[in-house]
Amino acid sequence: MVRKTCELTLEVSERTSLIVDGCYLYYPAEPMVRYYPDGSGYPGSDADVDLVSCVVVAWIVAGEERKRDVHPWLWQSLDAFALMHVEENWDKVRRTLLRDAQEQERTEYED
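Remember, it's a predicted structure, so these values are computed and weren't measured experimentally.

Visitor: Please provide a residue-by-residue account of the environment of Ala101, values included.
Guide: Within the element layout of this structure, Ala101 appears in helix α2 (residues 90-110). Judged by its relative accessible area of 0%, Ala101 is buried. On a C-alpha basis, the gap between Ala101 and Val49 in space is 8.8 Å, while along the polypeptide they are 52 residues apart.

Written as structure tokens, this is what we have:
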């Protein structure tokens, strides 16, 4: 398990989007291991992610970007809305986070 972060853009409507810093846990794929000649052992697992948190860092309305600022009540509401949006679109967000984690993994191996 590895803790990672990723910047996500959530399209809320045609004119509105949120830029979110997502923190997530990445579980790399594990290969199948055969312990005995009969094939029994560990079946392996696919890579997976779990979202830990998401924080809105910018709000874009009609092309105008508003950064997180001094109105905590507004940004807390946007954070809650972003989390709800992520949960409703989890399959798409999960694929994005998996791609990000695997790209980071490839980059680390190249360095």
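Having seen the structure, we can now continue with the description.
Visitor: Please set out helix α1 (residues 72-88) residue by residue, giving values where relevant.
Guide: Over its 17 residues, α1 extends 24 Å from the first C-alpha to the last, a length consistent with the 24 Å expected when each residue adds 1.5 Å. Within α1, the full set of buried residues consists of Trp75, Leu78, Asp79, Ala82, His85 and Val86. Burial along α1 is one-sided: seen end-on, the buried residues are contained in an arc of 130 degrees. Of the exposed residues in α1, the ones pointing more than 90 degrees away from its buried face are Trp73, Gln76, Glu87 and Glu88. Those residues of α1 that are buried are in contact with β1 (2-11), β2 (16-27), β5 (48-61), β6 (64-67) and α2.

Visitor: Describe in detail the pairing of β1, supporting the description with residues and values.
Guide: When β1 meets β2, the two strands line up antiparallel, connected through 10 bridges. Residue pairing for β2: Arg3 is matched across the bridge by Leu25. A loop of four residues connects β1 with β2, the two strands running antiparallel in sequence.

Visitor: Explain unusual backbone geometry to me, using residue names and the numbers behind them.
Guide: Even without being glycine, Ala62 reaches a positive phi, approximately 50 degrees. Mapped onto the secondary structure, Ala62 falls in the loop between β5 and β6.

Conventions and cut-offs
The numbering scheme is per chain: residues are counted from 1 as the chain's sequence reads. Side-chain atom pairs in this predicted model are given and counted only at pLDDT of 80 or more, local residue features only at pLDDT of at least 70, and totals for whole chains, interfaces and linings cover all residues. Where side-chain values are given, they derive from all heavy atoms of the structure, hydrogens and water being excluded. Per the convention used, a helix needs a DSSP run of H or I reaching at least four residues, while a strand needs a run of E reaching at least two, with both numbered from the N terminus. Each residue is assigned to one of three classes by its accessible area relative to the maximum for its type, calculated with a 1.4 Å probe on protein chains only: buried under 20%, partly exposed between the two thresholds, exposed over 50%. A helix is expected to span 1.5 Å for every residue after the first. By definition, the arc is the one covered by directions from the helix axis to the C-beta atoms. Should any heavy atoms of two residues lie within 4.5 Å, those residues are counted as being in contact. Strand pairing follows a simple DSSP-based rule, namely that at least 2 bridges must link the two strands.

So, to be careful, I would describe these as geometric facts and stop short of saying anything about function.
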